[in-house]
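Inside the fold
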Amino acid sequence: MFARATPDGLEVLEPGTAVRTATGEGAGELAEVLRGAVVVVPRREPFLRALGGRGVAVAAEVVVGLDDLAAWLSPGGLGSDLERLLTQRAGVRGGLDDAAPLALERATRALVAEIQSLPLASLGCIARSWEEAGARLAASAPEVARRLTLLARLVDRPSGWAGAGESVLGADVDVVDGRLVGARGEFGDLDMALAEASPPWAEDPQGAPIPPDHKDVVPLDDADRDRVERALAEVLPNMGGGRTARGRPMSARPAQVDVAKHVAASLGTGELLLLHAPTGTGKTLAYLVPGLLFAQRNGIRFGFATFTKALQRQAFDRDLPIALELLQRTGVDPLPKVAVLKGRANYVCWRALLSLAPGPADGAARWLAWCNLLAFSLTSPDGDLDRVPRNGIDPFADVDGVEVEWELLRRSLGARTSCCNRPGDRLRCAAEAARKKAERSHGVVTNHAFALARPEFFRHVVFDECEHLHDQAHGAFSRSVSLSRAKRLLDDLSGSRRGRGVLDTLRRSVSGMLAFGSAESELDRAFQARTRGSRALTRLGSACREFARWRRERQHERRDGDDHGLLREYVESGVDGERGDAGLEQAEKLLSGHGELCRALQELSVALGALSEGLFEVRVPRRERIRFQLDDTRTDVEELLDAIAPWLPLKEGALAFDRGTFYDVEERPDGDLALETRVLLPHEYLGRFHYPKLAGGVLLSATTLLRGGFEDARRYLGLARAAAPDEDEEREPVRVSDHAAPESFDYGRVRVFAPDDVPDYRSDKRGWLEHGARLVAHLAARTGGRTLALYTNLDDLARVGATIAPFLAEHGVETLVQGAQGWSAERLADRFRTHGRAVLLGVDSFWFGADFPGEALEYLVIAKLPYGVPDRYHHAQCAAMGREEQRRTIYQPRALARFRQGFGRLMRRVDDRGCVFVLDRRFTEPRHKAFGRELPLASADGERTGARCTRTSTDDSIREALRHMGIEERVRAEGLDTDFSETWL
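Below is a short write-up of the structure. Only a predicted model underlies this, so the values are computations on that prediction, with no experimental measurement involved. (Residues numbered from 1 in each chain as written. Predicted model: local features only at pLDDT ≥ 70, side-chain atom pairs only at ≥ 80, totals over all residues. Heavy atoms only, no water.)

Describing the packing of aromatic side chains
Inspection of the entire model under this criterion finds 28 aromatic pairs. For the ring pair F745 and Y747, a centre distance of 6.1 Å and an interplane angle of 70 degrees mean the geometry is edge-to-face. You can call F745 buried: its relative accessible area is 9%. Three or more aromatic residues joined by ring pairs form one cluster here, namely Y867, Y891, F899, F923 and F931. (Phe/Tyr/Trp six-rings, centres within 6.5 Å; stacked < 30°, edge-to-face > 60°. Buried < 20%, exposed > 50% of the residue type's maximum accessible area, 1.4 Å probe, protein only.)

So, the sheet that holds strand β11 (residues 479-482)
Taken together, three strands build an open sheet; the order of strands is β11-β15-β14 and the sheet is antiparallel. The open sheet has two free edges, formed respectively by β11 and β14 (661-667), since each of these has just one partner strand. Averaged over all adjacent pairs, the angle separating strand axes in this sheet is 10 degrees, with direction ignored. One ladder, built from seven bridges, connects β14 with strand β15 (residues 673-679); its direction is antiparallel. If you follow F662 over to β15, its bridge partner there is R678. In this fold helix α21 (residues 483-493) packs onto β11 and β15, with an angle of close to 65 degrees to the strand it touches most, β11. (Pairing = 2+ DSSP bridges. Helix = DSSP H or I, 4+ residues; strand = E, 2+ residues; numbered from the N terminus. Axes fitted to C-alpha atoms, helices over the stretch in contact; angles between N-to-C directions. Contact = heavy atoms within 4.5 Å.)

A short note on empty space enclosed by the protein
A probe matching the size of a water molecule, rolled over the atoms, marks out where space remains unfilled. Enumeration over the complete set of coordinates arrives at four cavities of 30 Å³ or more. The volume enclosed by the largest cavity comes to roughly 90 Å³. Every residue along the wall of the largest cavity is listed here: E467, H468, D471, Y716, F848, R894, A897, R898 and Q901. In terms of residue count, the dominant contributor to the lining of the largest cavity is helix α34 (residues 883-903) (four residues). Classifying every residue of the lining of the largest cavity by side-chain character gives three nonpolar, two polar and four charged. Taken as a whole, the second largest cavity spans an internal volume of roughly 50 Å³. What lines the second largest cavity is C466, E467, T703, T704, L706, A713, Y716, L717 and A897. Its residues placed into classes, the lining of the second largest cavity shows six nonpolar, two polar and one charged. (1 Å grid on protein atoms, 1.4 Å probe; cavity = no way out; pocket = protein on both sides within 12 Å on 5 of 7 lines; lining within 4 Å. Points joined across faces, edges and corners; volume = space filled by probe spheres on them. Nonpolar A, V, L, I, M, F, W, Y, C, P; charged D, E, K, R; others polar.)

Details of the sheet that holds strand β20 (residues 814-817)
Strand pairing in a sheet relies on backbone hydrogen bonds, with the paired strands running either antiparallel or parallel. Spatial ordering of the open sheet is given by β20-β21-β19-β22-β23-β18-β24, a layout of seven strands whose pairing is parallel. Both outer strands of the open sheet, β20 and β24 (948-950), are each paired with one neighbouring strand and no more. If you compare each strand with its neighbour and ignore which way they point, the axes differ by 15 degrees on average.

Some remarks on the nonpolar core
Grouped together as the largest cluster of nonpolar side chains are 136 residues, with contacts concentrated most on W130, Y691, L699 and L717. For this core, the element with the most residues is helix α15 (residues 364-379), which contributes 11 residues. In contact with L699, not counting residues within four places along its chain, are L272, L273, L274, L275, F463, C466, L469, Y691, L717 and L719. Of all hydrophobic cores here, the second largest spans 47 residues; its members include A536, L590, L597 and L615. (Core = buried A, V, L, I, M, F, W, Y, C linked by side-chain atoms within 4.5 Å.)

Topic: the layout of surface pockets
Estimates place the volume of the second largest pocket at around 830 Å³. Around the second largest pocket, the lining is made up of 28 residues, and of these Y867, G868, V869, D871 and R894 lie nearest the centre. Within the residue set of the lining of the second largest pocket, elements represented by two or more residues are α20 (469-476), α31 (794-810), α33 (872-881) and α34. Among the elements that make up the lining of the second largest pocket, the one with the highest residue count is α34 (five residues).

Re the pairing of strand β9 (residues 443-447)
The element β9 is largely enclosed, with a buried count of five among its five residues. With burial as the criterion, each face of β9 is covered, one bearing G443, V445 and N447 and the other bearing V444 and T446. One ladder, built from five bridges, connects strand β7 (residues 302-306) with β9; its direction is parallel. Bridged to G303 within β9 is V444. Here strand β8 (residues 338-340) runs beside β9; their pairing, made up of three bridges, is parallel. Bridge pairing in β9 places A339 opposite V444.

So, in structure tokens, the structure goes:
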């Protein structure tokens with residue numbers, strides 16, 4: 001049965017009848033027909049609230065929202081693309097809330113048809129896993145068990161609700177009865193079904209790999225460069241009926257065409273192009289069109305590297321299809337092949353899924369969570385875990401622990417390095433499938449981290465949001481490992497988990513077997529290596545704490561920031577005898593603990609590998625799952641060894657600290673210690689080792705033009721280093737050019753306020769936090785939310801959020817705080833974007849990459865200039881470069897770029913408008929005037945147009961902001977025109 005609550009009443013579609021509508025009291029009578037059957041509605045909670053408001057009670061377990069139903073039944077198919085389900089399969093022209101009962105019926109039939117069309121073994125897996133989950137629910141939560149039974153009946157008995165033989169929008173989606181029960185009967189149990197099933201991506205790739213480069217690569221000719229310009233200047237404005245998604249006429253973007261022309265001209269020339277593409281340029285299409293054409297013409301593989309997963313998904317899902325259509329409309333045939341490629345952990349490993357299958361002792365929560373992720377793996381064409389709908393288990397949210405189990409399982413499903421070594425395993429690993437597809441594609445959308453880690457995969461590449469390359473290079477070529485993580489890994493092998501480690505499981509499985517053979521000695525070897533590793537780790541931890549105490553004692557003898565090299569001093573001076581016998585003993589304890597741990601981990605890795613191979617010779621219960629656990633643990637051990645070994649580097653038995661590396665012991669707030677081995681000068685690494693390996697590329701962003709030129713970006717990104725090799729480098733200088741595209745937005749639509757009565761956080765941190773909290777609350781209560789506040793510290797963020805949330809709730813405004821709700825940044829962004837009356841407080845990723853166009857965001861609060869907090873790593877850089885050079889090359893450019901990126905969150909479309917409040921008094925101080933110069937501000941003499949910046953009181957700033965946004969009269973009429981100072985929190 002399908003229903004929708006309307007403002008006036010209720011609409012219900014009963015099986016075999018037309019839609020019935022009732023209003024007023026009649027809605028209560030009509031609701032009686034909802035009792036006792038599964039009811040599909042647009043969204044569950046709003047529907048139940050609407051009925052409750054009319055005094056109508058319906059058993060909650062029989063009501064399911066279409067969004068949740070789709071994410072449960074087909075999380076990897078139509079359930080991960082609700083828009084396609086609604087528009088293409090159900091004929092809904094608006095959003096989900098506009099779906100009428102007939103559209104709900106069509107969408108449900110499409111979902112069921114998709115499930116019924118699965119291979120028999122896949123459908124058998126679903127049936128058997130639901131059966132196992134239902135059996136546990138029946139004992140612990142019978143009402144929830146009834147909901148699962150109703151959902152299973154909905155799939156297996158569509159004749160009870162589906163229109164007979166009716167097709168959906170001309171598509172054949174006939175459904176039949178008994179398909180689910182029939183598939184269940186084909187397999188005696190779940191293990192039998194899983195043994196026969198295979199994920200959709202498990203197919204041998206077609207075609208030969210496309211090379212990343214070859215000697216005959218040539219630039220685009222004049223005709224193709226004209227084609228690129230015509231595609232964006234003439235064809236794009238006339239696509240989609242010549243109108244935007246918001247119904248406005250489309251027009252060519254001069255800045256977009258300008259960027260595309262310069263990208264097209266640079267490809268194949270062997271140079272690196274540093275390009276400034278201001279916010280609103282439409283830069284993604286501007287590099288996709290020429291990049292794809294260049295790759296297709298030359299028969300090479302081209303990488304398009306973005307920074308965040310959200311940008312990667314946007315480029316592949318939204319912009320890439322448009323780029324291909326533009327090429328097709330301009331006569332390109334055949335079209336280039338395209339793919340998306342992420343790190344391995346973003347893809348389902350089929351072996352991991354099977355190894356994590358619940359057992360007889362597991363409860364309903366784990367079974368339900370695993371059922372949903374199994375359904376995703378059986379319906380997803382690529383196994384991309386970023387596409388798993390997070391609401392798939394919402395129909396069973398009443399089951400204790402189901403959300404926790406789902407999160408744990410999802411994090412454990414990702415592929416690992418060398419997780420699948422046998423051909424059959426590799427074929428079913430989504431990470432391997434994605435790599436093979438990418439190898440056979442002309443254009444590959446990827447991320448910075450992959451492009452940096454695998455330079456041989458892309459010789460021609462675009463780095464979008466390139467200002468993050470510095471930090472990405474630091475992450476890619478640095479190592480950090482906590483001692484507690486190492487301890488957990490060794491404990492989890494055996495011992496602390498009360499016999500539940502993989503080694504204990506294996507020993508129990510083969511206990512008393514005479515045919516275990518040589519693998520028995522490897523099992524003993526693994527236990528012994530694990531024991532030696534645990535003891536060595538304990539000694540290393542004790543030695544590290546001795547060093548930390550020694551460092552604290554020495555800090556008062558040193559200048560501030562002069563303790564970054566104390567680890568090296570501690571070890572080298574101890575070994576050389578400069579600190580006497582005590583110093584020698586301390587250094588040897590550190591060295592011996594480190595060396596013994598590395599040797600134990602190496603031996604443990606070898607033993608685990610031998611055990612995994614040895615299991616081919618014997619038959620033990622759940623053999624394949626134990627083999628996977630062994631392989632997975634071996635990967636963990638090897639990663640741990642890779643992180644620990646370089647921390648005290650040896651060369652021919654002697655210490656060999658690298659001057660370009662920072663070595664440290666970090667003391668964390670929870671008392672844990674971490675071993676840090678970090679590349680000291682990432683820009684040096686990029687310039688010397690990465691860029692020279694490229695055959696060409698483009699680096700672009702809205703923040704490459706800093707302080708009026710490109711010199712800052714050239715130094716910060718390592719391009720200046722690439723262009724000037726040292727005498728000992730046997731390579732030619734990398735040619736680097738640059739270009740700045742024109743601004744796309746009219747920043748006269750923006751007002752910037754720097755209130756002069758904000759306390760200075762340097763002298764009054766508490767007053768500064770309170771003032772900022774009151775400003776956000778006062779503003780949001782009058783504007784209905786639509787406010788993003790950017791902070792640089794999570795603790796500050798949490799305090800402000802806790803302060804304003806109760807006050808804003810009274811005004812019907814939701815407060816979203818990064819890190820408080822336990823939501824991902826992406827989920828927070830979606831909530832803020834769609835809620836309509838919300839305030840979002842964020843750090844880190846919300847300074848860049850988050851897109852809130854239109855009325856979603858109209859007020860931006862920048863609480864503090866985004867300087868980094870100087871730590872020992874910062875001071876080590878200063879020692880290596882000189883303090884002023886470090887500030888000029890790294891510290892200042894990073895802060896300026898982030899500030900401009902934060903400001904860029906406000907204007908995302910040409911007709912956007914809004915207000916920015918900067919609450920850091922340094923913004924107007926002469927020493928920090930560079931930040932103001934990074935904003936598109938109008939000049940005092942009127943020679944330059946742009947945003948007008950005002951320095952006045954907070955009260956006057958807010959009043960001017962409301963006047964600028966045209967809501968001052970409304971606020972006054974609602975009695976909300978009180979002074980800022982009267983806002984109570």
